[in-house]
Amino acid sequence: MLRCVPEPAVKANSGGSLREALDDFLELREVAADPAGDRAEREQPHMVSRFYDVVTRFFEYGWGKSFHFAPRRSGEGLHAAQRRQEAGVAGLLGLGPGLRVVDVGCGVGGPLVNIAQLSGADITGLNFNAYQIERGWRALRRAGGVRGACDFLLADYMDVPLADGRFDAAYSFEAICHAPDRHRCLSEIWRLLKPGGRIALTEWCLTDRFDARDPIHGDIRARVEFANATPQLPTTSGFIAAVQAAGFEVLSSRDQALDSDPDFPWYRALQGRDLSLASLARVPAGRRFTATATALLERLRIAPAGIGESARILNEAADALVQAGEEGILTPCFLVHARKPDAVRIDPSDS
Ligand SMILES: C[S@@+](CC[C@H](N)C(=O)[O-])C[C@H]1O[C@@H](n2cnc3c(N)ncnc32)[C@H](O)[C@@H]1O
């Protein structure tokens, strides 16, 4: 039965052409990367949203509707692995009909649609990128109806205009890595949950193999962060500590990348070993071809201005990720399962 809440009119994109989005992104990226500047933290969310204005169409072309990595079994395709990971998160949280759930940083709605179809839960997709929200509504419509009542909310996950205790559960796939203030984001999720509410977050983290004194590691990390708009990636233990500092009780954590078949590492999709037409945009040869072709189409004024440069930015991001993966210093699938305590203890000495 189709039970979607009415679709609000959302203005597509944060405004302007691809060229304008690209110019904004490049300018804001410099601002956000300047540790001495006082605008860095303030501008970071705007910069990330402009990043997604630039890259979303490429991601949809290369990745489909789910924009996250996933541990892969031998011979398993990326999309099958993503769906299996999404089902795993739904199972971990015990999602089912009647539960209200928030998808934090929901992309274009791939995980939301899949999880809603599987579980029947009522899911709100939270995202601050207007274009992606519009695509999310479209994915929901095209899914031909999900069992739960789902909707999307255009909002910054560090400042959500919803009442406390609204949700039974929250999940997020690879979105908190963009937060300039992780604590604020995790505290907002804590506030939005009912007591006893549970979260499952899969996040980009530096692994134990990352050595901050190794200049090669430092260089790869800097390039991953800069090219993917993911500032100050935490270590796995740092991420657990951040979840606890926001008030959650951690139930379990695991680097799911370690569950991949050795021949199917999480970064395989960017490596050029998944040869199929659909993956062309993700593999190095395909990415080079896309960059050259788009630059040519741009010169001929067939493709929008800025498309060639956007393809170059994506290539830099992908190359840095493959290097980080090959060195084993980054995981994009660090899963933390945690809960908000039933009753918040009040320390009498505070009064
Ligand atoms: C790598 S994508 C993952 C999308 C989605 N979870 C998926 O797996 O398909 C990261 C998402 O986080 C969103 N995001 C980043 N910073 C955000 C913020 N401050 N508030 C809301 N959404 C944010 C982006 O717009 C994007 O949709």
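Throughout, residues of each chain are indexed from 1 in the direction in which the sequence is written. Confidence filtering applies because this is a predicted model: local features only for residues at pLDDT of at least 70, side-chain atom pairs given and counted only at 80 or more, and all residues used for totals across whole chains, interfaces and linings.

1. Details of the sheet that holds strand S2 (residues 122-127)
Strand pairing in a sheet takes place through backbone hydrogen bonds and is either antiparallel or parallel in direction.
(1) Moving on: Strands qualify as paired when DSSP identifies two bridges or more between them. Strands are runs of DSSP state E lasting at least 2 residues, helices are runs of H or I lasting at least 4, and numbering of each runs from the N terminus. Across the sheet, which stays open at both edges, the seven strands sit in the order S3-S2-S1-S4-S5-S7-S6 with mixed pairing between neighbours. Every interior strand has two partners, whereas the edge strands, strand S3 (151-154) and strand S6 (249-255), have only one. When the angles between neighbouring strand axes are averaged without regard to direction, this sheet yields 20°.
(2) Moving on: Strand direction decides the pairing type here: strand S5 (residues 193-206) and strand S7 (residues 330-339), joined by eight bridges, are antiparallel. The residue of S7 that forms the bridge with cysteine 205 is threonine 331. Lines fitted to C-alpha atoms define the axes here, with helix axes fitted over just the stretch in contact, and angles between the N-to-C directions of these axes take values from 0 to 180 degrees.

2. A short note on the nonpolar core
(1) Moving on: Within the largest apolar cluster, 87 residues are counted, with the highest numbers of intra-cluster contacts made by Phe51, Val101, Ala170, Tyr171, Ile189, Ile199 and Val243.
(2) Moving on: Counting residues per element, this core draws most heavily on helix H10 (residues 307-327), which supplies eight residues.
(3) Moving on: Placing C-beta atoms from the backbone, we regard two residues as in contact once those atoms come within 7 Å. Among residues more than four places away in sequence, those in contact with valine 243 are Leu186, Phe248, Val250, Val336 and Ala338. Buried Ala, Val, Leu, Ile, Met, Phe, Trp, Tyr and Cys residues form a nonpolar core when they are connected through C-beta atoms within 7 Å. To sort residues by burial, count the other C-beta atoms lying within 10 Å of each one's C-beta; a count of 20 or more means buried, 12 or fewer means exposed, and anything in between means partly exposed. C-beta atoms are built from the backbone.

3. Let's talk about helix H4 (residues 110-119)
(1) Moving on: Most of H4 is tucked away, with eight of its ten residues classed as buried.
(2) Moving on: All buried positions along H4 are accounted for by Gly110, Pro111, Leu112, Val113, Asn114, Ile115, Ala116 and Ser119.
(3) Moving on: Buried residues along H4 sit against helix H3 (78-93), strand S1 (100-104), S2, helix H5 (130-142) and strand S4 (167-173).

4. A short note on the site of the ligand
(1) Moving on: Neighbouring the ligand are 24 residues, the closest being His68, Gly105, Gly107, Phe173 and Ala175.
(2) Moving on: It is helix H2 (residues 40-63) that provides the largest number of residues to the shell around the ligand, a total of three residues.
(3) Moving on: Residues of the shell around the ligand, tallied by class, amount to 13 nonpolar, nine polar and two charged. In this entry, near means the residue's backbone-placed C-beta atom lies within 6 Å of the molecule or strand. When residues are sorted by character, Ala, Val, Leu, Ile, Met, Phe, Trp, Tyr, Cys and Pro go into the nonpolar class, Asp, Glu, Lys and Arg into the charged class, and all the rest, Gly among them, into the polar class.

5. Thoughts on the packing of helix H7 (residues 215-228) against H10
(1) Moving on: Two elements in contact, H7 and H10, have axes separated by 8 Å at closest approach and are oriented at 145°. Like other packed secondary-structure pairs, H7 and H10 cross with a definite hand, here left-handed. Contacts between H7 and H10 involve His217, Ile220, Arg223, Val224, Ala227 and Asn228 on the former and, on the latter, Ile313, Glu316, Ala317, Ala320, Leu321, Gln323, Ala324 and Glu327.
(2) Moving on: Within the contact of H7 with H10, the residues separate by chemical class into eight nonpolar, three polar and three charged. Crossings are classed by handedness, with left-handed meaning an anticlockwise turn of the near helix from the far one by less than a right angle and right-handed meaning a clockwise turn.

6. Here's the deal with unusual backbone geometry
(1) Moving on: Non-glycine residue alanine 229 carries a positive phi angle of around 55°.
(2) Moving on: When you line up the elements, alanine 229 lands in the loop between H7 and helix H8 (236-245).
(3) Moving on: Although it is not a glycine, glutamine 232 sits at a positive phi angle of roughly 45°.
(4) Moving on: Relative to the helices and strands, glutamine 232 is located in the loop between H7 and H8.
(5) Moving on: Judged by C-beta crowding, with 12 C-beta atoms within 10 Å, glutamine 232 ranks as exposed.

7. What about the environment of cysteine 185?
(1) Moving on: On the secondary structure map, cysteine 185 appears in helix H6 (residues 182-192).
(2) Moving on: What makes cysteine 185 buried here is the crowd of 24 C-beta atoms within 10 Å.
(3) Moving on: Sequence spacing of cysteine 185 and valine 243 is 58 residues, and the spatial spacing of their C-alpha atoms is 9.9 Å.
(4) Moving on: Those residues in contact with cysteine 185 that sit more than four places away from it in its chain are Tyr157, Met158, Ile176 and Ala179.

8. Comments concerning the pairing of S5
(1) Moving on: In terms of residue burial, S5 counts as a mostly covered element, since eleven of its 14 residues are buried.
(2) Moving on: Sheet analysis places S4 next to S5, joined by six bridges and oriented parallel. Directly across from alanine 170, in S5, lies its bridge partner isoleucine 199.
(3) Moving on: A clockwise course of the path from the first strand over the helix to the second, judged with the strands pointing away from the viewer, identifies a crossover as right-handed. Taken together, S4, H6 and S5 form a β-α-β motif whose crossover is right-handed.

9. Details of H8
(1) Moving on: Buried residues of H8: Phe239, Ala242 and Val243, and no others. Burial along H8 is one-sided: seen end-on, the buried residues are contained in an arc of 100°. More than 90 degrees from the buried face of H8, the exposed residues found are Ser237 and Ala245.
(2) Moving on: Structurally, H8 contributes buried residues whose contacts are with H6, S5, S6 and S7.
(3) Moving on: Directly after H8, the chain includes glycine 247, whose backbone phi takes a positive value near 110°. This arc corresponds to the set of directions leading from the helix axis out to the C-beta atoms.

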